[in-house]
Amino acid sequence: MNIRFALASLLLTAPLSAATGFSAGELVRLSRSETLMFQGKELVSAPKEEEFTVLKHDAVRRVVFVEYYKNDGTLIAVTAPADAFQPSPPNAWTDLLKGVEAFRDQRAEDARRLLARAAQDEQQAALASAIGARINGAFAGANALQGLRDTAEQLAKLGHLCLALPLDEGTDRFRGAPPTKLNRGDVTTRVAASNRALGRSRQALAARRLVEAAKYIDEGLKAEPNRTELKALAVKVGQDMEEADGHHKSANKMRQIPPKGTIHALTAIEMGLKLCVDHPKLRALKTEMQGAFEERTSPPVTAALLAMAGSGVVKDALTEGHKLYTTRCTECHDLELLDSRSMSAWRSIVSGMSGRAKISSAQQERIIDYLAVAQRTLDSGKPE
């Protein structure tokens, strides 16, 4: 059994309509940053807008179980509060895929509704109409079973294995169905591989790990050459990678023009890494300029910094704030340039992340005090 359906079978107690909650198999996205839980423990922080496939909506506990791939590729069920999710915007390809899966699961009305909606889209109209006609014929009792087998074979040849497999599996449920024309074992393996690649590439893209996402997309397209979602992600990754490459080129050029060029180079590196955190050339350049980065992200508590703080600030308090900022605030992300935000924005950011980092109110104030002094020190040293 496919591990995706095995997880869903273990978790699903009763189907839920869209009116009462999210349904198994539905694609949802986070409406805010959220910590994903696994077996009662915090697993990982997920950013706003990251997409997931629903396994179960537990209305009693007010949580949603969704698919998540661990670093080793293991598929697990994680949870987040139900109010953190919202349905992903519908699109014709998703309707087409979910419609064929509804046919496989013998949900005739859902299949008809989804396929009819997909047929209204210009790009998917021909494919959705052809599949819908075959499926409607089978549900109506017409002699359409051989046509379903032929359609599944044609879809497989076109590289749409994720459509071919559920269509063929759904045909199995009809009495008197002719033998499949697919190499079912091979197709099942390849669809599982493309599903896994799709899930992992979505996770990597949400974390802005574009190099990693590109690797998973390539793996998925090798398994299923015409997987629509993977091809769309490939375009997105390519565009963002091109922009990150541009920031690297700019940073490399500006660093040759100190001192003002150094600041522009650091900004370009930061902007590039916000697009692609695993960009190898940007990360290498940041390592080369680590001293300059430290000066403008987290300067140590020196005599000069203390002098800028004024007589009312205690060195130990600033040192604690520096330590908290450079250790606890780097558990999930790199440090940002101090002048990239106003102090009111820094206060909001620190407050918003304190729960995830388990930072007390007193510790928040130490971090804010340090950031305020460090930013003033930075401002005083800016070149004219």
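Being a predicted model, the structure only gives us computed values, none of them experimental.

1. Comments concerning the overall build of the chain
Along its length, the chain carries 16 helices and 7 strands. For the chain, the spread of C-alpha atoms along the three principal axes comes to 90 × 50 × 35 Å. Scored against the burial criterion, the 384 residues of the chain give a buried share of 43%. Here the contacts in the chain between residues at least 6 apart in sequence split such that 62% fall between residues at least 24 apart. Only carbon and sulfur atoms are counted for the fraction: they give 53% of the accessible area of the chain, which is about 19,600 Å². Within the chain, the 47 negative side-chain charges are centred at a point lying 2 Å from the centre of the 52 positive side-chain charges.

2. What about the pattern of salt bridges?
Any two side chains of opposite charge can pair if their charged atoms end up close together. Within the structure shown, the criterion is met by 30 salt bridges. Of the charged contacts, one joins Glu153 and Lys181 as a salt bridge, the two residues approaching to 3.7 Å between their closest N and O atoms. One end of the pair, Glu153, is in helix H5 (residues 145-157); the other, Lys181, is in the loop between helix H6 (161-172) and helix H7 (184-206), with 28 residues separating them in the sequence. Note on Glu153: relative accessible area 22%, which makes it partly exposed. For the salt bridge of Glu336 with Lys274, the shortest nitrogen-to-oxygen distance reads 3.8 Å. Separated by 62 residues along the polypeptide, Glu336 in the loop between helix H14 (315-327) and helix H15 (343-357) and Lys274 in helix H10 (residues 260-275) bring together distant segments of the chain. Overall, Glu336 belongs to the buried group, its relative accessible area being 18%. One network of salt bridges, in which partners are shared, links Arg104, Asp105, Arg107, Asp110 and Arg113.

3. Here's the deal with the packing of helix H2 (residues 92-104) against helix H3 (residues 108-118)
It is the contact of H2 with H3, at a shortest axis distance of 8 Å, that shows an interaxial angle of 155 degrees. The angle between the axes of H2 and H3 places the two elements in the roughly antiparallel class. Where H2 crosses over H3, the handedness of that crossing is left-handed. Here H2 contributes Ala92, Asp95, Leu96, Lys98, Gly99, Val100, Ala102 and Phe103 to the contact with H3, which in turn contributes Asp110, Ala111, Leu114, Leu115, Arg117 and Ala118. Taken together, the residues that form the contact of H2 with H3 break down as 9 nonpolar, 1 polar and 4 charged.

4. Some thoughts on the side chain of Arg149
Residue placement: Arg149 occurs in helix H5. Not counting residues within four places of it along the chain, the set of residues in contact with Arg149 comprises Asp168, Thr171, Asp172, Ala177, Pro178, Pro179, Thr180, Lys181 and Arg184.

5. Observations regarding unusual backbone geometry
Not every positive phi belongs to a glycine, and Arg62 is a case in point at roughly 60 degrees. Located in the positive-phi region is Gln106, a residue other than glycine, with phi close to 65 degrees. Within the fold, Gln106 resides in the loop between H2 and H3.

6. Section: the confidence of the model for the chain
The predicted model of the chain averages 88 in pLDDT, with 92% of residues at 70 or higher. Across the chain, the element-wise mean pLDDT spans from 51 in helix H1 (residues 3-11) up to 98 in helix H8 (residues 210-223). Ignoring residues within four places in sequence, the model shows residues 8-19, a span with pLDDT below 50, making 15 contacts including any to other chains.

7. Topic: H6
Residues lying three or four places apart along an α-helix face the same way, a consequence of the helix completing one turn every 3.6 residues. In this model H6 runs 17 Å from its N-terminal to its C-terminal C-alpha over 12 residues, within 8% of the 16 Å that 1.5 Å per residue would give. Taken together, the buried positions of H6 are Leu161, Cys162, Leu163, Ala164, Leu165, Pro166, Leu167, Asp168, Gly170 and Thr171. Lining the buried residues of H6 we find H2, helix H4 (125-139), H5, H7 and H8.

Parameters at a glance
- Residues numbered from 1 in each chain as written.
- Predicted model: local features only at pLDDT ≥ 70, side-chain atom pairs only at ≥ 80, totals over all residues.
- Heavy atoms only, no water.
- Helix = DSSP H or I, 4+ residues; strand = E, 2+ residues; numbered from the N terminus.
- Buried < 20%, exposed > 50% of the residue type's maximum accessible area, 1.4 Å probe, protein only.
- Contact = heavy atoms within 4.5 Å.
- Areas by Shrake-Rupley, 256 points an atom, 1.4 Å probe, with all protein chains shown as cover.
- Lys, Arg positive; Asp, Glu negative; His and termini not counted.
- Charge placed at Lys NZ, Arg CZ, Asp CG, Glu CD.
- Salt bridge = Lys/Arg side-chain N within 4 Å of Asp/Glu carboxyl O.
- Axes fitted to C-alpha atoms, helices over the stretch in contact; angles between N-to-C directions.
- Parallel < 35°, antiparallel > 145°, perpendicular 65-115°, else oblique.
- Left-handed = near helix turned anticlockwise from the far one by under 90°.
- Nonpolar A, V, L, I, M, F, W, Y, C, P; charged D, E, K, R; others polar.
- pLDDT = per-residue confidence, 0-100.
- Expected span 1.5 Å × (residues − 1).

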